[in-house]
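One letter stands for each residue in the lines below.
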Amino acid sequence: MAGRVEGKVAFITGAARGQGRSHALRLAEEGADIIAVDLCGPVPGLQYSHATEDDLQETVRQVEALDRRIVARTADVRDRDAMKAAIDEGVAELGHLDIVVGNAGICILAPWDEVTPEVWDETISINLTGIWNTVQLTAPHLIAAGGGSIILTSSAAGLKGLPFLTPYVASKFGVTGLAKAFAHELAKHRIRVNSLHPTGVDTAMGEMGGEYPRLLAGNERLAGMLTDSLPIDVTEPRDQSNAVLFLASEEARYVTAMAMTVDAGNTQY
């Protein structure tokens, strides 16, 4: 089935690479035009490489290769003025907004007693406040369009308390709750809101996996919490993007306030 989001416009955060780029491409393949934003810069304490302007331009190139339009801007999800400008400019150029994918986020591994206030603040402000900003600033455009779909990237860690990730777990549980709360308030506008809960995904964030042997030393009993039920080590970004496409499409027209797992069974026991 082709053209599942034909004629739609999708706004995607964290779109320079990884899951965000994959979401942009999957939606573009099915007919959507894209508004893409990314910080494209460093975050203190990050244990993996950050996205760059060149990464964002590569997303632009790949979307345009699919013969779809894209408006790309550098913006920090914590900066409401920059976000509003990017959203408004994109909608002005592409005409309307129908789909929102709140994907931007960071993850920093550390034992509970090594988490600094700075790491806590960075994680909560990007992962949770950034999602709140994204929904608040895009929802008026969806209302003007007569409805739409919002997909918020949470995590397996937004459904169960994975170890060595206390700020990340707190932020992702928050995203899960925001999705449900926004779903009920925005329902009268025919806006659906759902959260997506991946297990590990083969992106740059996976570079920090080398920290686990140190963290699990003396904590070997916790290793099973990080293991998927299906015999895989990691999912591909497109696996998550296929779920985004479903939630954005009319096939999911009555699906809202749902926590959708694409986690190889990680949370389902």
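Residues numbered from 1 in each chain as written. Predicted model: local features only at pLDDT ≥ 70, side-chain atom pairs only at ≥ 80, totals over all residues. Heavy atoms only, no water.

Novice: Just to check I follow, could you spell out the pattern of salt bridges for this structure?
Specialist: Note that side chains of opposite charge can pair when their charged atoms are close. Applying the stated criterion to the full structure yields 13 salt bridges. Note that arginine 238 and glutamate 29 form a salt bridge whose closest N and O atoms lie 3.0 Å from each other. Placement of arginine 238 in helix α7 (residues 237-248) and of glutamate 29 in helix α1 (residues 18-29) is noted, with a sequence separation of 209 residues between them. Note on glutamate 29: relative accessible area 37%, which makes it partly exposed. (Salt bridge = Lys/Arg side-chain N within 4 Å of Asp/Glu carboxyl O. Helix = DSSP H or I, 4+ residues; strand = E, 2+ residues; numbered from the N terminus. Buried < 20%, exposed > 50% of the residue type's maximum accessible area, 1.4 Å probe, protein only.)

Novice: Could you clarify how one ought to interpret the packing of α1 against α7 in this entry?
Specialist: Packed helices, taken two at a time, are described by the angle between their axes plus the distance between the axes. Look at α1 against α7: their axes get within 8 Å of each other, and the N-to-C directions meet at 50°. For the element pair α1 / α7, the angle class is oblique. The hand of the α1/α7 crossing is right-handed. Contacts from Gly18, Gln19, Ser22, His23, Arg26, Leu27 and Glu29 in α1 reach Pro237, Arg238, Gln240, Ser241, Asn242, Val244, Leu245 and Ala248 in α7. Grouping the constituent residues of the contact of α1 with α7 by class yields five nonpolar, seven polar and three charged. (Axes fitted to C-alpha atoms, helices over the stretch in contact; angles between N-to-C directions. Parallel < 35°, antiparallel > 145°, perpendicular 65-115°, else oblique. Left-handed = near helix turned anticlockwise from the far one by under 90°. Contact = heavy atoms within 4.5 Å. Nonpolar A, V, L, I, M, F, W, Y, C, P; charged D, E, K, R; others polar.)

Novice: Looking at this structure, I do not really get the side chain of serine 149. What am I missing?
Specialist: Among the structural elements, serine 149 can be located in strand β5 (residues 148-153). Judged by relative accessible area, which is 1%, serine 149 ranks as buried. Those residues in contact with serine 149 that lie beyond four places of it in its chain are Asp98, Ile99, Val100, Arg192, Leu247 and Ala248.

Novice: Would you take a moment to explain the sheet that holds strand β6 (residues 191-198) for this structure?
Specialist: Through backbone hydrogen bonds, the strands of a sheet pair up, either in parallel or in antiparallel fashion. Judged by pairing direction, the sheet is parallel, and its seven strands sit side by side in the order β3-β2-β1-β4-β5-β6-β7 without closing on themselves. The open sheet has two edge strands, β3 (70-74) and β7 (259-262), and neither has a second partner. Mean inter-strand twist for the sheet, computed between neighbouring axes without regard to direction, equals 15°. Strand direction decides the pairing type here: strand β1 (residues 9-13) and strand β2 (residues 33-38), joined by five bridges, are parallel. Note that in β2 the partner of valine 9 across the bridge is aspartate 33. Here α1 sits on the sheet in contact with β1, β2, β4 (99-102) and β6, set at roughly 170° to β1. (Pairing = 2+ DSSP bridges.)

Novice: Help me understand the environment of isoleucine 70 in this model?
Specialist: Checked against the element boundaries, isoleucine 70 lands in strand β3. Each C-alpha atom of the pair isoleucine 70 and tyrosine 48 lies 27 Å from the other, and the pair is 22 residues apart in sequence. If near-sequence neighbours (up to four positions away) are discounted, isoleucine 70 is found in contact with Ile34, Ala36, Thr59, Val60, Val63 and Glu64.

Novice: Would you take a moment to explain the side chain of arginine 192 for this structure?
Specialist: Within the fold, arginine 192 resides in strand β6. Buried and unpaired, arginine 192 has no salt bridge, with glutamate 250 as the nearest side chain of opposite charge at 5.4 Å. Here the side chain of arginine 192 touches alanine 252 through a polar contact of 2.8 Å, landing on its backbone oxygen. Among the polar contacts listed, one links the side chain of arginine 192 to the backbone oxygen of valine 255, at a separation of 3.1 Å. Ignoring anything within four residues of it in the chain, the contact list for arginine 192 reads Gly148, Ser149, Ile150, Leu247, Ala248, Ser249, Ala252, Arg253, Tyr254, Val255 and Thr256. (Lys, Arg positive; Asp, Glu negative; His and termini not counted. Polar contact = N/O pair within 3.5 Å; in protein donor to acceptor, adjacent residues only side chain to side chain.)

Novice: Would you mind showing me how to read the state of the cysteines here?
Specialist: Each disulfide consists of a covalent bond between the sulfur atoms of two cysteine residues. Scanning the model with the defined rule gives zero disulfides in all. In this structure cysteine 40 is a free cysteine whose sulfur lies 20 Å from that of cysteine 107, the closest cysteine sulfur available. Of the residues examined, cysteine 107 reaches a relative accessible area of 2% and is grouped as buried. (Disulfide = S-S within 2.5 Å.)

Novice: Which parts of the structure should I look at to understand α1?
Specialist: Between its first and last C-alpha, α1 extends 17 Å over 12 residues, near the 16 Å set by a 1.5 Å rise per residue. Of all 12 residues in α1, 10 are buried, a share of seventy percent or more. Within the span of α1, buried status applies to Gln19, Gly20, Arg21, Ser22, His23, Ala24, Leu25, Arg26, Leu27 and Ala28. Looking at the packing, one finds that the buried side of α1 touches β1, β2, α2 (53-65), β4, β6 and α7. Glycine 31 sits one or two positions beyond α1 and adopts a positive phi of about 110°. (Expected span 1.5 Å × (residues − 1).)

Such coordinate-based values are descriptive only and should not be taken to indicate function.
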